[in-house]
Amino acid sequence: MATDRFISQRLHSLDALRGFDMFWIMGADELIHKIAEHTQSSFWQGLAHQFKHVKWDGFRIYDLIFPLFIFLAGVSTPFSIGRSLEQGKSKSEVLKKVLQRGFTLVILGIIYNEGLEIKPIAEIRFSSVLGRIGIAYMLANIIYLYTKEKAQIIWFGALLIGYWLILKFTSAPGFPMGDLTEQGNFASYVDRSILPGRLSRGIHDTVGFFNNIPAISTALAGIITGIFLKNDKFQAIEKVKWMIYTGVISLVLAQIWNLDFPINKNIWSSSFVLQTTGLSLLLLALFYYIIDVKGYQKWAFFFQVIGMNSILIYLSGHFIDWDYTNNALLNWLFHICGESYSVIISVICVILIKWVFLRFLYEKKVFLRV
């Protein structure tokens, strides 16, 4: 069994869970859909349904992937930013790096949306997944740098309650107060009014500007969890139990809040934050217990390789034609498998090719740091 001292120095479960999270968007989600199409099995079709985003209100497994990543970015903060402070770096030095990383992610997000093509401002989509990660990470880390833990918990709750009250007592012009439809909610109206360029849905952006407010709470939840995991006053098994307890409570509160403020990824509703925070805590408790507490680490190496270069593999799809590489190397195999199974085998091979690429970078200690 791993010692608490070892656990406090490095969370192997953090890299593994981040890799597990990214595994689904580097091709495993498509694999589920292809198997469902091929087998027409009710089980696989039901599972594939869970790997589609909900159009508006509601929740599916696929809606957890993005907030889980932000949560895990928060968990890493006390171990990375905290270590810098422990090494004697001033808060202003650390703040400079936090701001640099946040704005770099925003810029990378715009590049991911548009490639390197120069376009008129009206045609550029400025909001992005990486942009949300950057903004939530940056603002949550500023709160972490300049407040105590109790204040961070207050910030977490205040942002969620404040966001709920704003949307409850406002709306887009011409809509009744508290309207939470795609066109009528206040967050989408703000984005339509102030964001330059285009929105992903025309009248709404799935990662718009205004709903970054509750996303900060998602990152703060991770930071608070990271502080707890780093605290040597608690035994490792106690940490697991408290993460489970807190995760379950968060899920219960999410269902209650859902009655008035529906769980909705598109506007990142406060109930959505509690829902995804609860599930993130339960997943982290599971990975932490198996990998860091019990010491079963070998099985997680596959995911750790992905987790160590998660941003890089996310960006790679825009700049590397993985399907071309797959066909160039393994087209002979697809012919042998026959038309019936080649589509499924092809998706598996793409995932493996990406992993081998990441393994090569891992062995060479090449990691994309922003």
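Residues numbered from 1 in each chain as written. Predicted model: local features only at pLDDT ≥ 70, side-chain atom pairs only at ≥ 80, totals over all residues. Heavy atoms only, no water.

**Considerations on the packing of helix α2 (residues 12–39) against helix α4 (residues 65–86)**
No. 1: One can describe the packing of α2 onto α4 by two numbers: an axis separation of 10 Å at closest approach and a directional angle of 160°. Taken together, the axes of α2 and α4 are roughly antiparallel relative to one another. Here the hand of the crossing between α2 and α4 comes out left-handed. From α2, Leu-14, Leu-17, Arg-18, Asp-21, Met-22, Trp-24 and Ile-25 reach across to α4, where they touch Ile-65, Leu-68, Phe-69, Leu-72, Val-75 and Ser-76.
No. 2: Residue composition of the contact of α2 with α4, grouped by class: 10 nonpolar, one polar and two charged. (Axes fitted to C-alpha atoms, helices over the stretch in contact; angles between N-to-C directions. Helix = DSSP H or I, 4+ residues; strand = E, 2+ residues; numbered from the N terminus. Parallel < 35°, antiparallel > 145°, perpendicular 65-115°, else oblique. Left-handed = near helix turned anticlockwise from the far one by under 90°. Contact = heavy atoms within 4.5 Å. Nonpolar A, V, L, I, M, F, W, Y, C, P; charged D, E, K, R; others polar.)

**Description of a nonpolar patch on the surface**
No. 1: Taken together, the side chains of Trp-242, Ile-244, Tyr-245, Val-248, Ile-249, Val-252, Leu-253 and Ile-256 make up a nonpolar region of the molecular surface, amounting to roughly 750 Å² of accessible area.
No. 2: For Ile-256, a relative accessible area of 52% puts it in the exposed group. (Patch = residues over 30% accessible without salt bridge, like charges linked within 9 Å, V, L, I, M, F, W, Y side chains within 5 Å. Areas by Shrake-Rupley, 256 points an atom, 1.4 Å probe, with all protein chains shown as cover. Salt bridge = Lys/Arg side-chain N within 4 Å of Asp/Glu carboxyl O. Buried < 20%, exposed > 50% of the residue type's maximum accessible area, 1.4 Å probe, protein only.)

**Comments concerning unusual backbone geometry**
Of all residues except glycine, most have a negative phi; of all peptide bonds, most are trans.
No. 1: Although it is not a glycine, Gln-40 adopts a positive phi angle of roughly 55°.
No. 2: Mapped onto the fold, Gln-40 is located in the loop between α2 and α3 (42–50).
No. 3: Look at Gln-40 and you get exposed, because its relative accessible area is 52%.
No. 4: In this structure, Trp-268 takes a positive phi of about 50° despite not being glycine.

**Examining the environment of Ile-267**
No. 1: Within the secondary structure, Ile-267 sits in the loop between α10 (236–258) and α11 (270–293).
No. 2: With near-sequence residues (within four places) excluded, Ile-267 lies in contact with Trp-56, Tyr-163, Leu-167, Leu-180, Asn-185, His-204, Asn-211, Pro-214 and Phe-261.

**A short note on the nonpolar core**
No. 1: Among the nonpolar cores identified, the biggest contains 100 residues, and Phe-71, Leu-130, Phe-156, Leu-220, Leu-229 and Tyr-288 are the most heavily contacted of them.
No. 2: No other element matches α2, which puts 12 residues into this core. (Core = buried A, V, L, I, M, F, W, Y, C linked by side-chain atoms within 4.5 Å.)

**Observations regarding the side chain of Thr-276**
No. 1: Looking at the secondary structure, you find Thr-276 in helix α11.
No. 2: Engagement of the side chain of Thr-276 in a polar contact is seen with the backbone oxygen of Phe-272, the distance being 2.8 Å.
No. 3: Setting aside residues no more than four positions away along its own chain, Thr-276 makes contact with Phe-59, Asp-63, Leu-64 and Pro-67. (Polar contact = N/O pair within 3.5 Å; in protein donor to acceptor, adjacent residues only side chain to side chain.)

**Remarks on a negative patch on the surface**
No. 1: Among the surface-exposed residues, Glu-30, Glu-37, Asp-321 and Asp-323 lie close enough to one another that they form a single negatively charged patch.
No. 2: Relative to the assigned elements, Glu-30 resides in helix α2.
No. 3: Accessibility expressed as a relative area gives 40% for Glu-30, which makes it partly exposed. (Lys, Arg positive; Asp, Glu negative; His and termini not counted. Charge placed at Lys NZ, Arg CZ, Asp CG, Glu CD.)

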